[in-house]
Amino acid sequence: MNEKMPYYMAYPVPFSYDDERTERRDIEYLRSMYPDIPKRLLPYVEEECDRMEYENSMMYDQYPDKLQLKLMCRRICDNAERHERLCTGGCGEGETGAQSLRDLVEVMLYQELYRRRCDHRRMCRRFY
């Protein structure tokens, strides 16, 4: 009657799936609170990351190349400018407004790359 439980049953490992689902829900919620311009830029950032997401991509390098990241930002800005009218009074005039937009795209790109790199590492983890 007085059977002891094995150690692994007494302290079960929490399921990582729940953590991933919670993280995904947090990301989606926080993205829903983005201001108008970042919310409109996000699909272009995600599209460029989707295009660059393949096995052995530079985005998974230990130290991604700064020039390649700048080129990704330029492609995102060019694509967004072709399809959207983003500077409507709030982002300034001339070169300052364009630089602010590029800086915003760069920060959003780095955040998206970080998220995808974490997901990639999580997926590639092997348990033996």
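See above for the structure.
Scope of this entry: the structure provided in the associated data block. (Residues numbered from 1 in each chain as written. Predicted model: local features only at pLDDT ≥ 70, side-chain atom pairs only at ≥ 80, totals over all residues. Heavy atoms only, no water.)

## Looking at the overall build of the protein
Operational definition: Per the convention used, a helix needs a DSSP run of H or I reaching at least four residues, while a strand needs a run of E reaching at least two, with both numbered from the N terminus. The buried label applies to any residue whose accessible area, calculated with a 1.4 Å probe on protein chains only, is under 20% of its type's maximum; exposed applies above 50%, and partly exposed to all values in between. The Shrake-Rupley method, run with a 1.4 Å probe sphere, supplies the accessible areas, and residue values consider only the shown protein chains as cover.
Tallying secondary structure elements over the protein gives five helices and zero strands in all. Counting from the amino terminus, the protein carries its helices and strands in the arrangement α-α-α-α-α. A burial count over the protein gives 27% of its 128 residues as buried. Taken as a whole, the protein presents about 10200 Å² of accessible surface, with 54% of it coming from carbon and sulfur.

## A closer look at the pattern of salt bridges
Note the threshold: Salt bridges are counted wherever a side-chain nitrogen of Lys or Arg sits within 4 Å of a carboxyl oxygen of Asp or Glu.
Tallying each qualifying case throughout the model produces 16 salt bridges. With its nearest N and O atoms 2.3 Å apart, the salt bridge here joins Arg31 to Glu112. Placement of Arg31 in helix H2 (residues 16-32) and of Glu112 in helix H5 (residues 94-124) is noted, with a sequence separation of 81 residues between them. Comparing Arg31 with Glu112, the two get one shared label, buried. Of the charged contacts, one joins Arg40 and Asp36 as a salt bridge, the two residues approaching to 3.1 Å between their closest N and O atoms. Of the two residues, Arg40 and Asp36 both sit in helix H3 (residues 36-52), four residues apart, roughly one turn of that helix. Under the relative-accessibility criterion, Arg40 is labelled partly exposed at 23%.

Note that all results are geometric; they support no functional claim without further evidence.
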